[in-house]
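# Structure at a glance
The residues making up each chain are set out below.
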Amino acid sequence: MPATQLDSAVLSMAGAAPAPVQESLRSAALLKAGTLQAAIFNTAAFSIICTDEMGVIQLFNAGAERMFGYQADELINKSTPAILSDSLEVLARAVVMSREADAPVSPGFETLVFKAARGSDDSYELTHIRKDGGRVPAIVSVSALHDLAGKIIGYLFVSADNSTRKEVEEQLRWSEESFRLIVDSVTDCAFVVLDPQGMVTGWNAGAQRLHGYPENEIVGRHYSRLYANADVEGGVPQRDLDAAAAQGRCDGEGWRVRKDGTQFRAYVAVTAIRDPLGKLRGFGALSRDLTERREAEAAAANAKTLAEKNQIANAEFLSGMSHEVRTSLNAILGFAQLMGTDSPPPTSAQKEGIAKIEQAGWYLLELATEIHDLATIEAGRLAWSLEPTSLADLMLDCQAGIEPQAQKSGIRMSFTGFDAPCFVKADRTRVKQVLDNLLSNAVKYNQPGGSVVVECSASNAQRIRVSVTDTGAGLQPAQLEQLFRPFSRVGQETSAAPDARIGLVVTKRLVELMGGSIGVRSHVGKGSVFWIELVAAQAPQLAPADAQLVALAQPAIAADAPPRTLLYVEDNPANLQLVEQIIGRRPDMRLLSARTGPLGIALARSARPDVILMDINLPGMSGIKAMQTLHADTATAHIPVVALSANAIPRDIERGIEAGFFRYLTKPIKVAEFMETLDVALEFAAQKASPAPDRR
Ligand code: MN
């Protein structure tokens, strides 16, 4: 705004003596000034206040009325603008002014106009106080008004409401402050701010901890100081910054150096900082020491490996020990039995002694076997596979095993619910072990003349329950709690039979491995019910398409040729029946079968089959062991042995092939694959049997 016009306007308003100027110029100026004056005074956007040279308010515009809440006539000729400002701020400003001027400046009107009075336009931030006490942050600009001779005759205060800007500033300050607090409180990460040239401008507490430099030693230095020498020589720091500038961000692992020269492996992310126009303003580099984490990870991994090794070592120790114990016990039991048949016959006292040796020996043998089983399970080395298994069929086997023992103790056994073929998803050998254990306990811990009831029923559509009810002494609640824990010695105090019942621990683990559950209910004096639940399964059967394939199967060789022999070693009759169905359609083939490894080996030696089909999980001896035994024997070494197992994970298959199987087939049986493999094996067998090419 033109100062001369305003000056003359103010002069006339302030009632100062008119200057000696030409009349025409003066009225033109006044006219202009009047228009301008009206415009200025009527604006509500700014507060405009004029004072005389002493600070008494002479003019108070509409904007001022709005900002301060006073009417003009309440202040004109009565007050000074000093009362319209926060007195503490005025006091603080007075202190600053006094220091600058090296002379006391009084904290009032003098403070507000101190600079303006000395010839410089002044503007500053100040908080205005409204009539109602409200506070208005404002930017105030002050100018001195001079007469034509240059003498100060008054002051002009123009104030603009600054509250919006103040709010924004405050928010910004808070967000910057909280960001700074966050960055500073992160002590496991280094946060470094760089200018566009890579000079450090910011450094948090984490950076100090990680790199060892206090802020004042690093700010102003180049970022490359934190890199390993070799990297600096290779230009890596600049490459990182260039990459961040080009892509916005660059991260990765690298070596970083501490103040003391030691190095550490770090993960570093460098982000380019750009202003809204896209101009590069610098970089933020965040880094984290990987050493500590790596060490922690390595320690955890070591601890885990050690624990696993210990467990395996324990299991190996236990299994080795139980093997030794069994070998010795076999000798002890063998000689004890021989002594019983010696001539002259032993005396009755000797017989009693021999009986005790035998009793203790059999108990120890059983215990050693159970410890071996438990150790194998704990080490995760138990071989088992789940396939549809008929409980009805299985129970016939169990029944044949337990009945002689029950008859000896005068205990009646009854089996109900096994007439329908109920199939469960289980490992036949392991379920048999479980049921044998439950049945043998039920007989062992029964009363003379008692009974055992074995029942099979569906608990729901998915689970089949087998319960074994005895008429024994029953178990106290405290005993029940201890029942499935190793070496809990339950039963010892109530029964003559020395038994740590470790078998129940093995039983529980086995049932759980097969996805089942086990439980017990007991009434002291009446007996106990042990039950297991297993996952129900469909009977294994050929898919319709496979059944068709079987029906269409044609003999691979001429009808007059002698039939080829296939030996199938399998403990699960359901699987045997399936293979019988398939082979039954081929008049060129004869099927032999064995339920265990040793029986299979014996049959192979005597019958010399062309091809052997071998289950892997068999009772007593695994199919792998049986196959290796056959291969080690010159009489059977030439026979191709095809594995047929429910263990279908690739590692099992690889292991099987490595172990020496001709092929490895998985259950459920796929007929096309089965037939094809059989033909390949038969062909192989024929070549082995007649190595001279001219014979065929
Ligand atoms: Mn099996």
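Residues numbered from 1 in each chain as written. Predicted model: local features only at pLDDT ≥ 70, side-chain atom pairs only at ≥ 80, totals over all residues. Heavy atoms only, no water.

### Comments concerning the overall build of the protein
- The helix and strand tally for the protein stands at 23 helices and 22 strands.
- Out of the 696 residues in the protein, the part that is buried amounts to 41%.
- Taking all contacts inside the protein whose residues are at least 6 apart in sequence as the whole, residues at least 24 apart take part in 59%.
- When the accessible surface of the protein is split by element, carbon and sulfur atoms take 56% of a total near 36800 Å². (Helix = DSSP H or I, 4+ residues; strand = E, 2+ residues; numbered from the N terminus. Buried < 20%, exposed > 50% of the residue type's maximum accessible area, 1.4 Å probe, protein only. Contact = heavy atoms within 4.5 Å. Areas by Shrake-Rupley, 256 points an atom, 1.4 Å probe, with all protein chains shown as cover.)

### Re the sheet that holds strand E10 (residues 280–289)
- The strand order across the open sheet formed by 5 strands is E7-E6-E10-E9-E8, and the pairing between neighbours is antiparallel. The strands lining the two open edges of the sheet, one partner per strand, are strand E7 (200–203) and strand E8 (249–257). Sheet twist, expressed as the average angle between the axes of neighbouring strands with direction ignored, equals 25°.
- With 3 bridges connecting them, strand E6 (residues 189–194) and E7 associate as antiparallel partners. Its bridge partner being in E7, Val193 is matched across the sheet by Gly202.
- Across the sheet, helix H11 (residues 236–247) lies against E6, E8, strand E9 (263–274) and E10, angled at about 165° from E8, the strand it touches most. (Pairing = 2+ DSSP bridges. Axes fitted to C-alpha atoms, helices over the stretch in contact; angles between N-to-C directions.)

### Notes on the coordination of the manganese ion
- Protein ligation of the manganese ion involves Asp571 (OD), Asp615 (OD) and Asn617 (O), the donor distances falling in the range 2.1 to 2.4 Å.
- The sequence motif formed by the donor residues of the manganese ion is D-x43-D-x1-N. Of the two residues, Asp571 sits in the loop between strand E18 (564–569) and helix H19 (573–584) while Asp615 sits in the loop between strand E20 (611–614) and helix H21 (623–632), which places them 44 residues apart along the sequence.
- Taking the relative accessible area as the measure of exposure, Asp615 reaches 1% and is therefore buried. (Donors = N, O, S within 2.8 Å, 3.2 Å for Na, K, Ca; no water.)

### Looking at the pattern of salt bridges
- With the rule as written, the count across this model stands at 23 salt bridges.
- Its salt-bridge partner being Lys259, residue Glu217 comes within 2.9 Å of it at the nearest N-O pair. Taken as a pair, Glu217 in helix H9 (residues 215–218) and Lys259 in the loop between E8 and E9 lie far apart in primary sequence, 42 residues in all.
- With relative accessibility at 32%, the residue Glu217 sits in the partly exposed group. (Salt bridge = Lys/Arg side-chain N within 4 Å of Asp/Glu carboxyl O.)

### Some details on the side chain of Ser440
- As for its placement among the helices and strands, Ser440 is situated in helix H15 (residues 428–444).
- Sequence-distant contacts of Ser440, that is, excluding residues within four places in its chain, are made with Ile402 and Gln405.

### Focus on the packing of helix H14 (residues 391–408) against H15
- For the pair H14 and H15, interaxial distance at closest approach is 10 Å and the crossing angle is 35°. Between H14 and H15 lies a crossing whose hand is right-handed. Contacts from Leu391, Asp393, Leu394, Met395, Asp397, Cys398, Ile402, Gln405 and Ala406 of H14 reach H15 at Arg428, Val431, Lys432, Leu435, Asp436, Leu439, Ser440 and Val443.
- Split by residue class, the contact of H14 with H15 holds 10 nonpolar, 2 polar and 5 charged. (Left-handed = near helix turned anticlockwise from the far one by under 90°. Nonpolar A, V, L, I, M, F, W, Y, C, P; charged D, E, K, R; others polar.)

### Examining H15
- The terminal C-alpha atoms of H15 lie 24 Å apart, and with 17 residues this matches the ideal 24 Å at 1.5 Å per residue to within 8%.
- When you tally the buried positions in H15, you get 13 out of 17 residues, the bulk of the element.
- Capping of H15 at its N-terminal end is provided by Asp427; its side-chain oxygen lies 3.1 Å from the backbone amide nitrogen of Thr429. (Expected span 1.5 Å × (residues − 1). Polar contact = N/O pair within 3.5 Å; in protein donor to acceptor, adjacent residues only side chain to side chain.)

### So, the packing of aromatic side chains
- Tallied over the full model, the rule gives 7 aromatic pairs.
- The interplanar angle of 55° and the centroid separation of 5.9 Å between the aromatic rings of Phe109 and Phe157 together place this pair among those described as tilted. Placement of Phe109 in helix H6 (residues 109–117) and of Phe157 in strand E5 (residues 152–161) is noted, with a sequence separation of 48 residues between them. Like Phe109, the residue Phe157 is buried in the burial classification.
- Look at Phe415 and Phe418: their rings are 6.5 Å apart centre to centre, the planes differ by 65°, and that puts the pair in the edge-to-face class. (Phe/Tyr/Trp six-rings, centres within 6.5 Å; stacked < 30°, edge-to-face > 60°.)

### Some thoughts on the environment of Met54
- One can find Met54 in the loop between strand E1 (47–52) and strand E2 (57–60).
- In this structure Met54 comes out as exposed when scored by relative accessible area, which is 63%.
- A C-alpha to C-alpha distance of 9.9 Å links Met54 and Ile152, two positions 98 residues apart in sequence.

### Here we look at the nonpolar core
- Counting residues in hydrophobic clusters, the biggest one holds 47 residues, and the most contacted among them are Leu391, Met395, Met413, Leu435, Val454 and Ile532.
- Composition of this core by domain shows at least three residues from each of domain 3 (304–378) and domain 4 (387–537).
- Aside from chain neighbours lying at most four places away, what touches Met395 is Phe415, Phe418, Leu435, Leu439, Val454 and Val466.
- In terms of nonpolar packing, the next biggest core, distinct from the first, is built from 24 residues, Ile57, Ala64, Leu126 and Val140 among them. (Core = buried A, V, L, I, M, F, W, Y, C linked by side-chain atoms within 4.5 Å. Domains from an automatic or database assignment.)

### Details of the sheet that holds strand E4 (residues 135–146)
- Pairing is antiparallel across the open sheet formed by 5 strands, whose spatial order is E2-E1-E5-E4-E3. Each end of this open sheet is capped by a strand with a single partner; those strands are E2 and strand E3 (122–129). When the angles between neighbouring strand axes are averaged without regard to direction, this sheet yields 30°.
- Sheet topology note: the E4/E5 ladder contains 9 bridges and is antiparallel. In the strand pairing of E5, His146 is matched with Ile152.
- Against the sheet, H6 contacts E1, E3, E4 and E5, and its axis sits at roughly 105° relative to E5.

### A short note on the confidence of the model for the protein
- When pLDDT is averaged along the protein, the result is 84, and 90% of the positions lie at 70 or above.
- The secondary structure element of the protein with the lowest average pLDDT is helix H1 (residues 3–14), at 41, and the one with the highest is E20, at 96.
- Under a pLDDT of 50 for its full length, residues 493–498 has, in the predicted model, 6 contacts with residues more than four places off or in other chains.
- Note on residues 692–696: pLDDT is under 50 here. Beyond four places in sequence and across chains, it has 4 contacts. (pLDDT = per-residue confidence, 0-100.)

### Observations concerning unusual backbone geometry
- For the bond running from Lys667 to Pro668, omega is 0°, close enough to zero to count as cis.
- Mapping Pro668 onto the fold places it in the loop between strand E22 (663–666) and helix H23 (671–689).
- Here the phi dihedral of Arg608 falls at roughly 45°; this positive angle occurs in a residue that is not glycine.
- Its place among the elements puts Arg608 in the loop between helix H20 (597–607) and E20.

### A closer look at H11
- Between its terminal C-alpha atoms H11 stretches 16 Å, which fits the 16 Å expected from 12 residues at 1.5 Å a residue.
- Taken together, the buried positions of H11 are Pro237, Asp240, Leu241, Ala243 and Ala244. Projection of H11 onto a plane perpendicular to its axis shows the buried side chains occupying an angular sector of 160°, all on one side. Turned more than 90 degrees away from the buried face of H11, the exposed residues are Arg239 and Ala246.
- Gly248 sits one or two residues past H11 and shows a positive phi near 90°. (Arc of directions from axis to C-beta.)

### What about the environment of Trp255?
- Summarising the element assignment, Trp255 is placed in strand E8.
- Sequence separation of Trp255 and Asp289 is 34 residues, and the distance between their C-alpha atoms is 9.6 Å.

### Some thoughts on the packing of H15 against helix H17 (residues 502–513)
- In the contact formed by H15 and H17, the axes pass within 9 Å of each other and the chain directions differ by 145°. In the packing of H15 onto H17, the handedness of the crossing is left-handed. The residues of H17 that touch H15, namely those facing Arg430, Gln433, Val434, Asn437, Leu438 and Asn441, are Gly503, Leu504, Val506, Thr507, Leu510 and Val511.
- The class makeup of the residues in the contact of H15 with H17 is 6 nonpolar, 5 polar and 1 charged.

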